[in-house]
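Close look at the chain arrangement
So you can see what is in the structure, the chains are spelled out below.
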Amino acid sequence: MKFERAEDRLRIEVTKDEDLWYLSLILSSGDIIFSDVFRRTEDKGDKIRSKKTSRERIRVGIRMESLEFLEFNGQLHVLGKIVSGPEDYLDSYQSINIQKDSQIEVIPKNPEF
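Below is a short write-up of the structure.

Criteria and cut-off values
Residues numbered from 1 in each chain as written. Predicted model: local features only at pLDDT ≥ 70, side-chain atom pairs only at ≥ 80, totals over all residues. Heavy atoms only, no water. Core = buried A, V, L, I, M, F, W, Y, C linked by side-chain atoms within 4.5 Å. Buried < 20%, exposed > 50% of the residue type's maximum accessible area, 1.4 Å probe, protein only. Helix = DSSP H or I, 4+ residues; strand = E, 2+ residues; numbered from the N terminus. Contact = heavy atoms within 4.5 Å. Pairing = 2+ DSSP bridges.

1. A short note on the nonpolar core
L23, L27, I33, I62, I98 and I104 are the most contacted members of the largest nonpolar core, which totals 20 residues. Secondary-structure elements contributing two or more residues to this core are β2 (9–13), α1 (18–26), β3 (32–40), β4 (55–70), β5 (75–84), β6 (93–99) and β7 (103–107). If one sorts the elements of this core by residue count, β4 sits on top with 4 residues. Residues contacting L27, with those up to four places away along its chain left out, are I33, M64, L67, L76 and V106.

Structural data, given as C-alpha cells:
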C-alpha cells in the first residue's frame, strides 16, 4: 500500500490484496472517501427505464457509513452518502468497491492522522 499525505487528505494506492484487510482496519465510520465511480444517467421524463442505460464516470466523495471486507472477492465494499461531487447526486447513496490497484483519497473524521 502506498500512502501520500496531502494537506488534509491521504492518497492511498492499494498494491496488494492484503492491503484491503489493513485498509479495513484504518477506515472508520464518518471518514470521507473519494473515488471514481460509474453512475447510471437517468432521464427524468422517462418513467420506464429502458433495458440499456448509459453510465457516466464521476468523481464522488462519500461519508462512510458501513464497510465490508469481501475476502473471497478481493474487495472492500464501502457504502455512504455522497457529500462531494456533481450536484444532481448529492445526498444520494453510493457504494465504492476498493480492490487491488485502486486509488482513493481519504479525509479522516479524526484529523490527527
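2. As for the pairing of β2
Where burial is concerned, the two faces of β2 differ: the one with L10 and I12 is buried and the one with R9, R11 and E13 is not. Judged from the 5 bridges that link them, strand β1 (residues 2–6) and β2 form a sheet pairing that is antiparallel. Among the inter-strand pairings, E4 is bridged to a residue of β2, identified as R11. Here β1 folds back onto β2, and the loop between the two strands holds 2 residues, one of which, E7, carries a positive phi near 50 degrees. Here 4 bridges tie β2 to β7, and the two strands are oriented antiparallel to one another. Looking at the pairing, E13 lines up with Q103 of β7.

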